[in-house]
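Chain by chain, the residues run as shown.
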Amino acid sequence: MTYTLILLRHGQSEWNEKNLFTGWYDVTLTEQGRKEAVRGGELLAEEGLLPDILHTSLLKRAIITANLALEAADRSWIPVKRSWRLNERHYGALQGKDKAQTLAEYGEEQFMEWRRSYDTPPPPLADDSEFSQIGDPRYAELGDDAPRTECLKDVLIRLLPYWEDQVKPDLAAGKTVLVAAHGNSLRALVKHLDGISDADIAGLNIPTGIPLVYELDEDFKPVVPGGKYLDTAAAAEAIKAVANQGRH
Ligand SMILES: O=C(O)[C@@H](CO)OP(=O)(O)O
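An unreviewed UniProt entry lists the chain under the name 2,3-bisphosphoglycerate-dependent phosphoglycerate mutase, with Zafaria cholistanensis as the source organism. According to its UniProt record, the chain has this under Catalytic activity (unreviewed entry): "(2R)-2-phosphoglycerate = (2R)-3-phosphoglycerate". Within the UniProt record for the chain, the comment given under Sequence similarities (unreviewed entry) is "Belongs to the phosphoglycerate mutase family. BPG-dependent PGAM subfamily."

Below you can see the structure in the form of structure tokens.
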């Protein structure tokens, strides 16, 4: 008996295209991102991987991606659960900043530390910033605990209760689960699933819009480490592009 988990990073967003740090800022998809999402759904249908339940973040780039993918797979009707715990990493004071300019201003080491180190968060975002989510009704339940910045470790800590209490039970019930989320929230989940070290996770990037499928054993360990992208060639190209963001 294995469980099927499908991870899907949202399609290209307007701020991916503009090369801006995004985090919790709620941007929509580009036309290319919408196409990626539809293609993601077609790949699922072609493989006969039909989700029974969807889990998304509270950010529209993940929500719209899931809707488009599920429509393409004729599964728009499945139940949905959403949580801030699947949100992208809060990027702190970097939200809204240009990646290339940040690299030029702070240098390679600091840039990569903020982008990919496991436990160094960027400086916190001021509550009165135009890029802040403080006061946004969708995060009302968080009160003053709403994050002002996060490192990947913080993301894993807030994601794990959701994985344990919401996603695992759906898998254990035999459902094919689709998680539509973000580059860094999915990196945190993959780190947990594959047991990737704090150092090695820095080198792992997740492309937009390409389903990553995990078969999990009864202990929720991947049968094939790293899972399998449904379009391996496109995934390899897109992973390189994510890794090089800010450099051109
Ligand atoms: O800006 C962001 O929120 C993320 C994902 O787009 O960027 P990065 O890949 O640099 O962590």
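Once the structure has been displayed, the description carries forward.
The next subject is the site of the ligand. Around the ligand, a shell composed of N16, F21, T22, G23, E88, Y91, R115, G183, N184, V242 and Q245 is seen. For the shell around the ligand, the per-class residue count stands at three nonpolar, six polar and two charged.

Quick look at the packing of helix α6 (residues 152–172) against helix α7 (residues 183–194) now. Put simply, α6 and α7 touch, their axes get as near as 9 Å, and they point 70° apart. For the element pair α6 / α7, the angle class is roughly perpendicular. Here L152, V155, L156, L159, L160 and W163 of α6 lie close against α7, whose contacting residues are N184, S185, R187, A188, L189, K191 and H192. Considered class by class, the residues forming the contact of α6 with α7 number eight nonpolar, three polar and two charged.

Conventions we followed
- Residues numbered from 1 in each chain as written.
- Predicted model: local features only at pLDDT ≥ 70, side-chain atom pairs only at ≥ 80, totals over all residues.
- UniProt positions renumbered as here; feature names shortened; annotations may be inferred.
- Near = placed C-beta within 6 Å.
- Nonpolar A, V, L, I, M, F, W, Y, C, P; charged D, E, K, R; others polar.
- Axes fitted to C-alpha atoms, helices over the stretch in contact; angles between N-to-C directions.
- Helix = DSSP H or I, 4+ residues; strand = E, 2+ residues; numbered from the N terminus.
- Parallel < 35°, antiparallel > 145°, perpendicular 65-115°, else oblique.
- Contact = placed C-beta atoms within 7 Å.

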